[in-house]
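Working through the structure, step by step
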Amino acid sequence: MSGKQLVNIEINGKKYSAEVEPRLLLVDFIRDTAKLKGTHIGCDTTSCGACTILLDGKSIKSCTMFAVEADGSKISTVESLATDGKLNILQNAFWEHHALQCGYCTPGMLMSSTFLLSRNPDPTEEEIREGIAGNICRCTGYINIIKAVKDAALVMSAETGKEK
Amino acid sequence: MRPRPFDFYQPTSIKEASEILHSHEDAKPLAGGQSLIPMMKLRIFSPSEIMSLAKIKEMKPYISETGQILKIGAMATHDMIHRSDVLRNAVPVLSEAAGEIADQQIRNRGTIGGNIAHGDPSTNLSAALLALDAEIEVQGIEGTRIIPIDEFFLDLFTTALDHGEIITEFRVKASPHTKQKFMKVAKSDTAFPMAFVALNVGLSEGFVENARIALGVAGPTPLRALEAEKFLLKKRLDSEVITKAAQIATKDLEPPSDVHASEEYRKQLLSTLIKRGLSSFVG
Amino acid sequence: MEVLQTHKGEVKAANKYIGKNIKIREDVKLVQGKGHYIDDLELPGTLHMAYATSTYGHARIKKIDTSKCFTIPGVLYVVTGEELKSRLSPFMEIATPPSGNLRDYPLAVDKVRYYGEPVAAIVATDPYIAEDAAELVDVEYELLPVVLDGEKSLEQDAPLVHENIGSNVVWKGVWDLGDTESAFDRADLIVEDVVRTHRYASVPLETNGMVASYDEGSNIITVHSVNQMPMFSLPLICAALGIPPSGFRMIVPPNVGGAFGGKIINYTHITLVSYLTRILKKPVKYVETRTENITFGTHNNERIYHVSLAARKDGKVLGVRMKAIDNCGAYPRYEPAGAVIWAQVVPGIYDVRDIYVEFIQVLSNKGPTGPVRGYSRVQHNFMWERMMNALAKKLNMDPTEVRFKNLIQPEKMPYVGPSNTIYDGGNYPASFKRLLDTLEYKKWRDLQAKSRPDGRLIGIGVAAVIDSGANNFSQIKIINKDFPASGNSDVGMVIVDQFGDIVARTGTTDQGQSHATTFSQIVAEVFDTDPEEIKFQEGFDSISNIWAAHSGAYASRSAVIAGTALYYAARNLKQKVLKIAQSIMDEPISDLDIKNKEVFSKVSGKKIPLAKVASVAWSDVGLLPDGIDPGLMSYAIYKPDFKFNMPDERNRINNTLTYSYSIHATVVEVDPETFQIKILKHVVISDPGTIINPLVVEGQEMGATLHGISAALSENLVYDDDGILLSSNFWDYNVIGAKQMPDLELLQDVTRSTSSVLGVRGIGEGGGGPIGSIINAVEDAVTPLNIKLISSNISSYDLFSLNRKNEVI
């Protein structure tokens, strides 16, 4: 089948539908169709991770998936993390530790870290490095990012403790 | 960079998929796309037709255990394979190899079927499956057949798959009692690996009962070090034997040369990895 | 606590906000994905541009057929060099003739001179379509021989990159400082060596991008771009387009995704999209692909040094002579500035006064070079650090001991170097000692010795570098005395608005340096008001915002120059506020001060809100005292005095205002079989001068260290013998990731800069410190293998090959 295809994708709880060319990359759907500009493009080779999002809860590089393949799925982008302008624990830890400078890699870093913490609430430094190995940062030297993720894990576990 | 246009097919059954492939010579199956899409974006490879496997109802990802046989659906992701307790216990080399593929995002999306069908000598899983003597179930318009992994890789990016056939399942024998190891050298996670090995050695009272040694980026296809495997049989893994095995395994290799490593350097790396892997099995 | 003391001796109370670890306000929007980067800009009707690029390193263009491009619906325009040649002027060159005559356009004209050079540009309704059409540009080439190596390009029969200039030389000059003849006569020994620096790139995570639009009514072209030196680029662009600056508006968005020097020579793309928007009457956007960014987005200068170093047998260096050949690629865009910028660090960190340098910059068939973090000084610093090790080896001395013998002593500060650079303070020997203690130098030397018999290859390396900041443009006059720029300047503006809010602006751009936070801290200090309360207006706009001709964020200048301008603007405005308050409150001005947005009397305790003063100043102006103009707006432009402001006949000049230093120490272990290199420990010490915000300073230091480590161990732009770039994407051009980055220990020894008003030193470029310490450490590690390193980049593959060569011999 050639020509455009209708796709329906739920992004951050909102449904987007559009007729798209099969070759349209998911990242372009997010940025240009849904107009969510927080997800960035940094390379041509699935290396840099600036476009990382969660697809049905799992971190993927949205530059390496066709939008038509995401039809019917649920996506979370960096814009989903804060609630009414209030930073979540991970974002707050990035702020606290100045885990960013230019901010271009940050949305991808946050989404990779979100995924990591979702399945490993208490990661070691090595596990954090592994968790963000698919995200390139050219500003920070990664050290503050690692600290921030570690710190976010601690805060999250303290909050979970409180709830109990 | 962005890919060229293509026609897109989204079959919902294997039968339909086989028919599409059969009637469209240029159609390329798309699984996780983690090898294919980057090549399409760089416009190194631009199939005019893409057939997605995502909606095929028989091809849901799975990992199951039937007696001694472990079955892995072709759409199982590297992440699933890496994290499967069943696989970690029964075939650790496969679990380790999957865990060392690129990065978390790519492991979340990339599939074992796509990885193997690509026919690339630098994919971790090809070496692990070779070391495990895996069987590959493929389905086509003429039905189902099994291809032993040893007969699967024919040349660079060329496999025993006929056009119209799709990999549906991998089968490996549980081998919790053999010694297994996956080892790799790469500059970074975004770089192609310089060399890797997958080892699967059965030992009985210190003597080698059986051995499978698979080498990555060692030639146009994933390779087994057949002579070295033979040499090891019935031998005790002491340092002399290990060194000799590594030598035999690499002496006639002609690995590719590129900007990251020359043929000679790759041979040295492969030899070192074999030595270190085998040494880790004793003492 | 530190004192905010200006160099004029003015003393203020202990700093309250400068120097504080205040969280970075910019981070809040960026962690929410709410930044505004160039690619996020969507002007209605935007068209997209893509390049067709050269597949050869050097070839004559016989014919370009673009007709096939138009078979794709959506393709609107295709332009080639042939068209541009008649419509644009070639870009201005910094160099004088003959090399000043070379002709550089946004697209290749007549021939391609490096692999990946743009030969045609396609404009289409959609970026996908533009890329499709780019593949259909049909170019007929006639291959020409390539010249890739700097030394070879000087040979008699070398292919000429630009025939019309008669050679491949861009510029050459001599620095004959002190008396090297006598130094060499007095020497006990002479060490001769070759030092090479390799080609790598800045690769900020956001590539270059720009959007141009044209307003027919006003005849103004507006460009939004990531250019980090907008007012330097603007005249180049306007001259090429043949329009006055009043017809060209340059905007830089508030967020730029890193630059590190790599966003200066993008004026070629800006010129092209501007040209196209004027024809097409619609916005035209171009965003580099990563492949393009690595191919032509600014490479670092490759340099070869042939060095002779004269020393005494106790390790004291008496003099040094060198010939440097610098390879700037196919087009000198910011070049040949690099041919003098190294002279900011002529003696490195060492007290050596007799120095002779012959410097030649040449063309080659490689991508264009330009500023890359540590521009041109990285190479020179690296040369010193290699030579110090070579001397130590020859004398059989410890490499740290040789350095101690030669470091500039603190009592000589401020130190006027042999070329009139004024090093502005610091205690190099004390810092070096502290660094070695923290590293546990002796412990590692012991372990190294103990573990060698077991075959372990552990190595320790140090490198001490000057990280100069806040450049003096007059140094370019060494190349071209008529070059219309000198000194440096920037601007600050502070407003107390009608509601009493304090609002600040500067002329700088920001690529992640957290200017809003740090500049607010400076203003907060003057107004004794919480920095949170200071508004800062981000972004650059040549029409509606303030700027100076040198404005931008480059050469580690923002804090030093724009920060000072802002400090002056704030101080002046404070005086005006107090003058008006004096009449409102009826108290003598000497009793008044400002705190937390209130004017208060130190005597009566009476206070009024700043808003009250603002209301009088802006609107209730009938109440203003005589002689005071309405408004609370202060504008200050600051031009530093470099003391040696202009180059003399021996090319001596104070090239920058501040000279931070850093010393790196690295311990590595090399795997004897795979030759993989692992960093076991890395310690850095530096003196950034007065710190405005420690988070920002540490961030810059860590980032500069990452760039150095990645350059030394990974990043390498490799061309094959035909001039084809083999490492043009992240698969082959490997920047290090989180798993390769070692932990760092950062130390600081803070002394005020004796040159800058706020005591601040420009930092951030880092001087390439880790490159020297890593190469020295690796060479030290492989001592038993007798491997000699020459280059600033080393991979496990290189070590294998070098070792193999030894085995063969």
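Residues numbered from 1 in each chain as written. Chains lettered and ligands numbered in written order. Predicted model: local features only at pLDDT ≥ 70, side-chain atom pairs only at ≥ 80, totals over all residues. Heavy atoms only, no water.

**Considering the interface of chain A and chain C**
It is common to give the size of an interface as the accessible area lost on bringing the parts into contact. This is how the line gets drawn: Pairs of residues are marked as contacts when any of their non-hydrogen atoms sit within 4.5 Å. Summed over both partners, the accessible area (1.4 Å probe) lost when two parts come together is defined as the buried area. When a carboxyl oxygen of Asp or Glu is within 4 Å of a side-chain nitrogen of Lys or Arg, the pair counts as a salt bridge. Here a polar contact is recorded for every N or O atom pair within 3.5 Å, except that within protein the pair must consist of a potential hydrogen donor and a potential acceptor, and residues adjacent in sequence are included only if both atoms are side-chain atoms. The secondary structure listing takes helices from DSSP runs of H or I that are at least 4 residues long and strands from runs of E that are at least 2 residues long, numbered from the N terminus. Residue classes follow a fixed rule: Ala, Val, Leu, Ile, Met, Phe, Trp, Tyr, Cys and Pro count as nonpolar, while Asp, Glu, Lys and Arg count as charged, and any other residue, Gly among them, counts as polar.
Taken together, the 51 residues of chain A in the interface contact 55 residues of chain C. Each partner contributes to the roughly 4400 Å² buried at the junction of chain A and chain C, and carbon and sulfur atoms together form 56% of this total. Interface area lost by chain A to chain C is led by Trp95, His98 and Arg138 of chain A, which between them contribute 20%. For the interface between chain A and chain C, the tally reads nine salt bridges. Between chain A and chain C we count 28 residue pairs in polar contact (both at pLDDT 80 or more) in total. Breaking the side of chain A that touches chain C down by element, the ones donating at least two residues are α1 (26–33), α2 (89–96), α3 (106–119), α4 (125–131) and α5 (143–163) of chain A. Among the elements that line the side of chain A that touches chain C, the one with the most residues is α2 of chain A, at four residues. Class assignment of the residues belonging to the side of chain A that touches chain C gives a composition of 24 nonpolar, 14 polar and 13 charged.

**Focus on the nonpolar core**
Heads up, the rule is: Remark: nonpolar core denotes a set of buried residues (Ala, Val, Leu, Ile, Met, Phe, Trp, Tyr, Cys) joined through side-chain atoms within 4.5 Å. The buried label applies to any residue whose accessible area, calculated with a 1.4 Å probe on protein chains only, is under 20% of its type's maximum; exposed applies above 50%, and partly exposed to all values in between.
If you look at the biggest cluster of nonpolar residues, it comprises 245 residues, and the most contacted ones within it are Phe94 of chain A together with Phe248 of chain C. Per-element accounting of this core gives the leading share, ten residues, to helix α9 (residues 377–395) of chain C. Residues contacting Phe94 of chain A, with those up to four places away along its chain left out, are Ala99, Leu100, Thr106, Met109, Leu110, Ser113, Ile145, Ala148 and Val149 of chain A together with Val31 of chain C. Ile20, Ala31, Val91 and Ala128 of chain B belong to the second-largest nonpolar core, a separate cluster that totals 54 residues.

**A short note on the confidence of the model for chain C**
Residue and element names in this part refer to chain C. Here is the rule: Every residue gets a pLDDT, meaning the predictor's confidence in that residue, from 0 to 100.
In this model, chain C carries a mean pLDDT of 96, and residues with pLDDT of at least 70 account for 98%. Low pLDDT (under 50) marks residues 1–13, which in the prediction has 36 contacts with non-local residues, meaning those over four places away or in another chain. With a pTM of 0.97, the predicted complex shows an ipTM of 0.98.

**Things to note about the packing of helix α10 (residues 399–406) of chain C against helix α11 (residues 428–439) of chain C**
Residues and elements named next belong to chain C. Here is the rule we go by: Note on geometry: axes are C-alpha line fits, over the in-contact stretch for helices, and angles between N-to-C directions span 0 to 180 degrees. Our angle categories are set so that under 35 degrees counts as roughly parallel, over 145 as roughly antiparallel, 65 to 115 as roughly perpendicular, and the remainder as oblique. Crossings are sorted by hand: turned counterclockwise from the far helix by less than a right angle, the near helix makes the crossing left-handed, and turned clockwise it makes it right-handed.
Between α10 and α11, the least distance of the axes is 10 Å, while the angle of their chain directions is 165°. The orientation of α10 with respect to α11, classified from their angle, is roughly antiparallel. Where α10 crosses over α11, the two elements pack in a sense that is left-handed. In this structure, α10 contributes Thr400, Arg403 and Phe404 to the contact, and α11 contributes Pro429, Phe432, Lys433 and Leu436. Here the residues of the contact of α10 with α11 sort into four nonpolar, one polar and two charged.

**Some words on the packing of aromatic side chains**
The way to describe two aromatic rings as a pair is by their centre distance and the angle between their planes. Short version of the rule: Each aromatic pair joins two rings of Phe, Tyr and Trp (for Trp, the six-membered one) with centres within 6.5 Å, and gets the label stacked for planes under 30 degrees apart, edge-to-face for over 60, and tilted for any other angle. Put simply, a charge is over a ring when the Lys NZ or the Arg CZ is close to the ring centre, within 6 Å, and near the line of the ring normal, within 35 degrees.
This structure, assessed with the given rule, holds 28 aromatic pairs over all chains. Their ring planes at 80° and their centres at 6.3 Å tell us that Tyr114 of chain C and Tyr331 of chain C sit as a pair that is edge-to-face. With Tyr114 of chain C in the loop between β6 (111–112) and β7 (118–124) and Tyr331 of chain C in the loop between β16 (317–327) and α8 (338–341), this residue pair connects regions lying 217 residues apart in the sequence. Comparing Tyr114 of chain C with Tyr331 of chain C, the two get one shared label, buried. Aromatic pair Tyr334 of chain C and Tyr375 of chain C: ring centres 5.9 Å apart, planes at 55°, arrangement tilted. One end of the pair, Tyr334 of chain C, is in the loop between β16 and α8; the other, Tyr375 of chain C, is in the loop between β17 (354–362) and α9, and 41 residues separate them in sequence. Among the aromatic residues, ring-to-ring pairing joins Tyr265 of chain B together with Phe675, Tyr797 and Phe800 of chain C into one connected group. Across from the ring centre of Phe231 of chain B, 4.2 Å away, lies the NZ or CZ of Lys235 of chain B, which sits over that ring. The ring of Trp444 of chain C is capped by Lys443 of chain C, whose NZ or CZ atom sits 4.9 Å from the centre of that ring.

**A short note on the interface of chain B and chain A**
In this complex, chain B contributes 35 residues to the contact, which on the side of chain A involves 37 residues. Together chain B and chain A conceal approximately 3000 Å² of surface at their shared face, both sides included; 51% is due to carbon and sulfur atoms. Among the residues chain B hides against chain A, the three largest losses belong to Phe8, Gln105 and Arg109 of chain B. Together they make up 22% of the total. The interface formed by chain B and chain A contains six salt bridges. In this structure, Arg107 of chain B engages Glu130 of chain A in a salt bridge whose closest nitrogen and oxygen atoms are separated by 3.0 Å. Put simply, chain B and chain A have 15 residue pairs in polar contact (both at pLDDT 80 or more) between them. For the side of chain B that touches chain A, the secondary-structure elements that each account for two or more residues are β1 (7–9), α2 (36–41), α3 (78–83) and α6 (104–109) of chain B. The element contributing the most residues to the side of chain B that touches chain A is α6 of chain B, with six residues. When the residues that make up the side of chain B that touches chain A are grouped by side-chain class, the tally is 14 nonpolar, nine polar and twelve charged.

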